[in-house]
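Observations on the three-dimensional arrangement
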Amino acid sequence: MVTPATLYAASMAASEIVTWSKLATVWAAMRNVPQKEPFAGDQFVSVVSTVFTLRHRLDVTAKMRIVDDGKIYEIDAVADPDGARRFVECQCTLLERGA
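Residue numbering note: each chain is counted from 1, following its sequence as written. Residues qualify for local features only when their pLDDT is at least 70, as the model is predicted, and side-chain atom pairs are given and counted only at 80 or more; totals for whole chains, interfaces and linings, by contrast, use all residues. Water and hydrogen atoms were dropped before computing side-chain values, which therefore reflect all heavy atoms in the structure.

**Focus: the overall build of the protein chain**
Each helix and strand counted, the protein chain has 0 helices and 6 strands in total. The helix and strand labels rest on DSSP assignments: H or I over at least four residues marks a helix, E over at least two residues marks a strand, and numbering proceeds from the N terminus. Moving toward the C terminus, one meets the helices and strands of the protein chain in the order β-β-β-β-β-β. Accessible area is worked out with a 1.4 Å probe on protein chains only. A residue is then buried under 20% of its type maximum, exposed over 50%, and partly exposed in between. Taking all 99 residues of the protein chain together, the buried fraction comes to 26%. Throughout, a residue-residue contact means that at least one pair of heavy atoms, one from each residue, lies within 4.5 Å. Looking at the protein chain alone, contacts between residues at least 24 apart form 42% of all its contacts between residues at least 6 apart. Roughly 6800 Å² of accessible area belongs to the protein chain as shown, and the carbon and sulfur atoms make up 54% of that amount. Only the protein chains shown count as covering a residue, and every accessible area follows the Shrake-Rupley method with a 1.4 Å probe.

Next up, the structure:
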C-alpha cells in the first residue's frame, strides 16, 4: 500500500524537553513484517514490524519518527536495500498511545 507519510525529527530545548518537528511529507510504501521475539513470560511472542519504503533521502535517521494515518512509528533502522540510492527502507515499531 502506498500512503503519504510524514517524517518528524526530534530536537531538545534547554529544559531537555523533546519536541518533534515536521521534516517532510513523502509518499511511502508500507508493509508489515511478522517477526518472533523470544520469550515473554516463558513463551514466544509474535511481534510485527512495519517497513516504510520511500525515495532515497540522506536526512532520514533512526532518531526520527513516521506518522501515518494518525499512528506514530518509531524508526528503528534505516537501510538502502539495493545500495543504488534509489530507495530508503525504514524499519519501524508502532508506538502505543501516550508514548
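Alright, that's what it looks like, and here's the rest.
**A few points about the confidence of the model for the protein chain**
On a range of 0 to 100, pLDDT expresses the predictor's confidence in each residue. Across the protein chain, the average pLDDT comes to 84, with 81% of residues at or above 70. The least confident element of the protein chain is strand β1 (residues 2-12), whose mean pLDDT is 81; the most confident is strand β6 (residues 87-94), at 94.

**Describing the pattern of salt bridges**
The salt bridge criterion pairs a side-chain nitrogen of Lys or Arg with a carboxyl oxygen of Asp or Glu, the two atoms within 4 Å. Overall, the coordinates contain 3 salt bridges when judged by the stated rule. For Glu89, the salt bridge goes to Arg31, with nearest N and O atoms at 3.8 Å. Note that Glu89 is positioned in strand β6 and Arg31 in strand β2 (residues 18-37), a separation of 58 residues in sequence. Using a relative accessible area of 23% as the deciding quantity, one classes Glu89 as partly exposed. The exposure class of Arg31 is partly exposed, given its relative accessible area of 40%.

**Notes on the nonpolar core**
As a rule of thumb, nonpolar side chains are buried together in soluble globular proteins. The biggest cluster of nonpolar side chains holds 17 residues, and the ones touching the most others in it are Phe52, Leu54, Val60, Ile66, Ile75, Cys90 and Cys92. Of all the secondary structure elements, the ones that give two or more residues to this core are β1, β2, β3 (45-55), β4 (64-68), β5 (71-79) and β6. Examining the composition of this core, we find that 4 residues originate from one element, β2, more than from any other. Apart from residues lying up to four places away in sequence, Leu54 is in contact with Val26, Trp27, Ala28, Val60, Arg86, Phe87, Val88 and Cys90. Working definition of a nonpolar core: buried Ala, Val, Leu, Ile, Met, Phe, Trp, Tyr and Cys residues. They are joined through side-chain atoms within 4.5 Å.

**Some words on unusual backbone geometry**
The phi dihedral of Asp69 is positive, around 55 degrees, even though this residue is not glycine. Summarising the element assignment, Asp69 is placed in the loop between β4 and β5. Look at Asp69 and you get exposed, because its relative accessible area is 71%. At Arg85, a residue that is not glycine, the phi angle is positive and equals roughly 55 degrees. Inspection of the secondary structure assignment puts Arg85 in the loop between β5 and β6.

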